[in-house]
Amino acid sequence: MAEVTVSELAKSVGASVERLLSQMKDAGLSQTSAEQAVTDDEKQTLLAFLKSSHGDTDSAPKKITLKRKTTTTLKTGSGAARKTVNVEVRKKRTYVKRDAAEEAAAEVPVEVPVAEPEVATSAEPVLEPAPQPTPASEPEPVVETPAEAEAEPAPVPAATTSNFVDEAEQKRVAAIAARRQAEEEAALLKAEKAAEKVQEQQLAEADPAAIEAAANEDKGKHGHPPLKKRSKLEDDEDEAEQQKPKKAVKKPTGTKKAPKVDLSVLDEEDEPVIKQAPRRNRAAAKPSKRPAIKLANNKHGFKRPTGKVVHEVEVGETITVADLALQMKAKGAEVVKQLMKMGVMATLNQSIDQETAMLVAEEMGHKVKEKVEVTLETKLEESLAVEGEQEHRSPVVTVMGHVDHGKTSLLDYIRKTKVTSGEAGGITQHIGAYRVPTSHGEIAFLDTPGHAAFTAMRARGAQCTDVVILVVAADDGVMPQTEEAVQHARAAGVPIVVAINKIDKETADPDRVKNELAAKDVIPEDWGGDTQFIEVSAHTGQGIDELLEAVSLQAELLELTAPVNVPARGVVVESRMEKGRGVVATLLVQGGGLKRGDVILAGQSYGRVRAMVNEHGKQVKEAGPSTPVEILGLDSAPNAGDEFAVLKDERQARDLATQRAELAQQERQQRQQAAKLENMFANMGAADKKVLPVVLKTDVRGSLEAIAAALADVGNEEVEVNVVSSGVGGITENDVNLALTTGAIVIGFNVRAAAATRAVAEAESVEIRYYSIIYQLIDEVKGALSGMLEPERVEEIVGIADVREVFRSPKFGQVAGCMVVEGTVYRSKPIRVLRDNVVIFEGELESLRRFKDDVQDVRNGMECGIGVKDYDVKVGDQIEVYDVKEVAREL
């Protein structure tokens, strides 16, 4: 080893520098400071001094004694006289290190051990004679009693065979024995040197204080030297002895087992108690050759917890009650009990939401950590969060405004087409997306409906656009849908350009439009605001160039860019079912490039793009940012407004679509369940509400959503519309069969039923109604619901008669002589009796007579006799005759 300083040596052995310098001074070394070097010889000197100070010597042992004991079991007799005998054979060998002169002169006698065991049965142990000394290397087979098993008995003398061996044989055997002994001693010496070397290395790395403590412990209470480890020679002899052929014996019954330690609760001052396992046969037990195990002073042992253990609980979006209890190390019944206290009824296998689980864990005194779960949606977001090369893109402009204010006509003039003429009723009923080349560059236009039912469409149009053109008719001013369009644009944070249309009309009043919009915080630029107002005419083309220039200026201020070298993503503008083509979806690409053959995921729909068509009906292979296209290949019609993205493989898209559909189904069921619970008591005792069941089919998804929302708003506390089934596409036989089962009517909006479907509907008397204008559909549904309302009962007073005199008739009873002062009194109509202008009776007439004749009515100014059934009238009362009419109610 290399030289080290005193401080480094002290650090390696784990002792302080002062203590090490003191020990080196006692050993006679010259080091006095921590920076002085220590050589290998000086280390050996220090080691020898420490050994001698603890009573250890370096001299090799002069004498080694080996002891071996084997136990066998013999069975004698048979049947009831069968006995078990334990036989123990002990062997002892002593090796003495001699000088060379002694080895030459010594003669080693050869002795053959002869086992003459004394047998002791388990029933009657036999006492053996007093132990006698025996020479070295003589075996002494004995059988010991249970009382003698606790102590090591002295060896028993055995007979020798030296009298039976001649002198030549003795010399030969002596030479062999001497040679073996020399080899054994050489091996023993080599093993001792190796052991000393290992001890020296350990001492160089050990703490002197630990060495001293170990030496003192080895001495024991009475100063006895520590037990030596078994040498390799002893292990070799034991192994050779075990390899000798033996007779079949059974396993000794007195084999020692490891002591059992009582790990019960200990006090601070108690020592661990060792409980010795009971022995089945103490006569067969033999003392262990290894030193007794001394347990450390485990003062604390096992202690009961002094306080409640607080665990950290990880909670995901949902967690079962059993898993929550497992994380809190609590019983499941306790968690269920806590949930019941909070008003949540759940079993161990049921799942609870994150908020409930966190409340339960906090109530039970544990810390809560929100678990971030890596779902398919998370992986999708990570895969789509790729930044590509940014390039300039065209603006997306949405045309919004009130119905019939000229949005589509304005866009027609820009596109040089006649889209409005193809719309039913002249109003737009689904979003149209167009890419129009202008003198200011290409612009993507979205034309949204202006009808009140298409609120969701306008909101989606505002969310996926860059600039909003708000069209307001100069002769009509600001209308409800105009205000709604302003709110949508502001909610989406999109700048507005106001187009005051129909400026060519004589009744046009642009200032009125500016005033009304200024009241809605849309301030014109010439009034100090930030909104551009352009006066245009969709018929003459006046102001169109100025409008496009304003849109281009607004787009330049926005500095619109989009990544191009990434997978495409965008929004679904519209979707529908077409016969022979399947699902047709209109997509607006917002980033990346959409190519034919890409796998796309749109909401709960997925598929591979089989074909792409632009707004002119021409096939295209790729669509870049701000480009609207129609695609084929989706498995179902996605909802308008759903985001779409291009994925790597179809399997990932299918898994995501399935997961989204399941989540939507769960949310729908939860909403229905919540609605049932909330309305359970509110509906108790209320009259049954009349329901008009409807099967609704439309051409596009946007119209379906708008009509369904409008029908849901129609109705009151007495009647309502129930959309039994809805979908996109033509009317099928399944729709007719469903309507037959539920008693519904079938409504088709811009769709028709096939001939076979119409035949089934006529045979089953199922009504199918077709519509192409949304307000006509809603008006007729309102009329149908109005017919289901209970008619309103209206009372009309038809006549009043004053009681002038009261007569008694034995035939008719009481009869009142009256004068008709107003209207006509009818016998068949109900009456009221008024006294002092207060109604005191309601009933009917028993008789109406003029003179002696029964009559049906008496006109104003004529006298009559009136018999009131079950009531006696007085002079001065008024009899009021009224009629009840039922008037049809309307929604």
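(A) Summary view of the overall build of the protein. When helices and strands are counted, the protein shows 21 helices and 40 strands. Here the protein, with 891 residues, has 38% of them falling under the buried criterion. Sequence separation of at least 24 residues holds for 69% of the intrachain contacts in the protein that already meet a minimum separation of 6. Roughly 52,800 Å² of accessible area belongs to the protein as shown, and the carbon and sulfur atoms make up 50% of that amount.

(B) A look at the pairing of strand E35 (residues 830-835). Sheet analysis places E35 next to strand E36 (residues 838-850), joined by six bridges and oriented antiparallel. Within the sheet, the bridge partner assigned to arginine 832 lies in E36 and is glutamate 842. In this antiparallel pair of consecutive strands, E35 and E36, the connection spans two residues, and aspartate 836 shows a positive phi of 60°. As judged from the four bridges shared by E35 and strand E40 (residues 878-887), these two strands associate in the antiparallel manner.

(C) View of the pattern of salt bridges. One pass over the structure, following the stated rule, counts 26 salt bridges. Across the pair aspartate 526 and lysine 514 runs a salt bridge whose closest N-O atoms are separated by 3.3 Å. Residue aspartate 526 is located in the loop between helix H15 (510-519) and strand E18 (532-535), and its partner lysine 514 is located in helix H15; the two are separated by 12 residues in the primary sequence. Ionic pairing is found between arginine 832 and glutamate 795, a salt bridge with its closest N-O pair at 2.5 Å.

(D) Representation of the packing of helix H9 (residues 332-341) against helix H10 (residues 354-363) in the model. Axis separation between H9 and H10 bottoms out at 10 Å; the angle between their running directions is 110°. Taken together, the axes of H9 and H10 lie roughly perpendicular to each other. Taken together, the residues of H10 that come into contact with H9 (itself represented by Val335, Gln338 and Leu339) are Thr356, Val360 and Glu363. When the residues that make up the contact of H9 with H10 are grouped by side-chain class, the tally is three nonpolar, two polar and one charged.

(E) How the structure looks around the sheet that holds strand E20 (residues 569-578). The strand order around the closed barrel formed by six strands is E20-E21-E26-E24-E23-E27, and the pairing between neighbours is antiparallel. The mean inter-strand angle of the sheet, taken between neighbouring strand axes irrespective of direction, is 45°. Bridge count between strand E24 (residues 605-613) and strand E26 (residues 627-634): four bridges; the pairing is antiparallel. Directly across from glycine 607, in E26, lies its bridge partner leucine 634.

(F) Representation of unusual backbone geometry within the structure. In the Ramachandran plot, asparagine 750 falls in the positive-phi region, its phi being about 60° despite a non-glycine side chain. Inspection of the secondary structure assignment puts asparagine 750 in the loop between strand E30 (745-749) and helix H20 (755-764). One non-glycine residue, aspartate 836, lies in the positive phi region at around 60°. Looking at aspartate 836, the relative accessible area reads 71%, which means it is exposed.

(G) Structural detail: the sheet that holds E30. Ordered in space as E29-E28-E30-E31, the four strands form an open sheet in which the pairing is parallel. The open sheet has two edge strands, strand E29 (719-728) and strand E31 (768-771), and neither has a second partner. For this sheet the average axis-to-axis angle between neighbouring strands, irrespective of direction, equals 25°. Strands in contact with helix H18 (residues 701-713) are strand E28 (690-698), E29 and E30; relative to E28, the strand with the most contacts, it is inclined by about 170°. Where helix H21 (residues 774-788) meets the sheet, it contacts E28, E29, E30 and E31, and its direction lies at approximately 160° from that of E28.

(H) Main features of the packing of aromatic side chains. Under the criterion given, the structure shown has one aromatic pair. Above the ring of tyrosine 826, the side-chain terminus of lysine 829 is found at 5.3 Å from the ring centroid. One residue, arginine 832, lies across the ring of tyrosine 882, its end atom 3.9 Å from the ring centre.

(I) Region of the structure containing the packing of helix H12 (residues 407-415) against helix H16 (residues 544-558). Between H12 and H16, whose axes approach to 11 Å, the crossing angle comes to 90°. With respect to each other, H12 and H16 are oriented roughly perpendicular. Where H12 abuts H16, its residues Leu410, Tyr413 and Ile414 lie against Ile544, Leu547 and Leu548. For the contact of H12 with H16, a count of residues per class yields six nonpolar, no polar and no charged.

(J) Structural detail: the nonpolar core. In terms of nonpolar packing, the biggest core is built from 22 residues, with Val397, Leu410, Phe445, Ile469, Ala499, Val536 and Leu547 touching the most fellow members. For this core, the elements supplying multiple residues, two or more each, are strand E13 (396-401), H12, strand E14 (432-438), strand E15 (441-447), strand E16 (467-473), strand E17 (496-501) and H16. Leave out the neighbours within four places in its chain, and alanine 499 touches Leu410, Ile469, Leu470, Val471, Val472, Ile534, Val536 and Leu547. Counting residues in each nonpolar core, the second largest holds 21 residues, with Leu711, Ile747, Phe749 and Ile778 among its members.

(K) Structural view of the side chain of glutamate 574. Along the chain, the position of glutamate 574 falls in strand E20. Overall, the relative accessible area of 2% leaves glutamate 574 in the buried class. One polar contact links the side chain of glutamate 574 to the main-chain amide nitrogen of arginine 701, over a distance of 3.4 Å.

(L) Representation of the state of the cysteines in the model. If you walk through the whole model with that rule in mind, you get zero disulfides. Cysteine cysteine 818 shares no disulfide, and the gap to the nearest cysteine sulfur, in cysteine 864, comes to 5.4 Å. Looking at cysteine 818, the relative accessible area reads 2%, which means it is buried. On the basis of relative accessibility, which here comes to 7%, the residue cysteine 864 falls in the buried class.

(M) Representation of the confidence of the model for the protein in the model. The predicted model of the protein averages 75 in pLDDT, with 71% of residues at 70 or higher. Element-level pLDDT for the protein is lowest in strand E5 (residues 140-142), with a mean of 41, against a maximum mean of 92 in E30. The low-confidence segment residues 108-165, where pLDDT is below 50, has 94 contacts with residues more than four positions distant or belonging to other chains. Contacts for the low-pLDDT stretch residues 418-431, under 50 throughout, to residues beyond four places or in other chains number 45 contacts.

Criteria and cut-off values
Residues numbered from 1 in each chain as written. Predicted model: local features only at pLDDT ≥ 70, side-chain atom pairs only at ≥ 80, totals over all residues. Heavy atoms only, no water. Helix = DSSP H or I, 4+ residues; strand = E, 2+ residues; numbered from the N terminus. Buried < 20%, exposed > 50% of the residue type's maximum accessible area, 1.4 Å probe, protein only. Contact = heavy atoms within 4.5 Å. Areas by Shrake-Rupley, 256 points an atom, 1.4 Å probe, with all protein chains shown as cover. Pairing = 2+ DSSP bridges. Salt bridge = Lys/Arg side-chain N within 4 Å of Asp/Glu carboxyl O. Axes fitted to C-alpha atoms, helices over the stretch in contact; angles between N-to-C directions. Parallel < 35°, antiparallel > 145°, perpendicular 65-115°, else oblique. Nonpolar A, V, L, I, M, F, W, Y, C, P; charged D, E, K, R; others polar. Phe/Tyr/Trp six-rings, centres within 6.5 Å; stacked < 30°, edge-to-face > 60°. Lys NZ or Arg CZ within 6 Å of the ring centre and 35° of its normal. Core = buried A, V, L, I, M, F, W, Y, C linked by side-chain atoms within 4.5 Å. Polar contact = N/O pair within 3.5 Å; in protein donor to acceptor, adjacent residues only side chain to side chain. Disulfide = S-S within 2.5 Å. pLDDT = per-residue confidence, 0-100.

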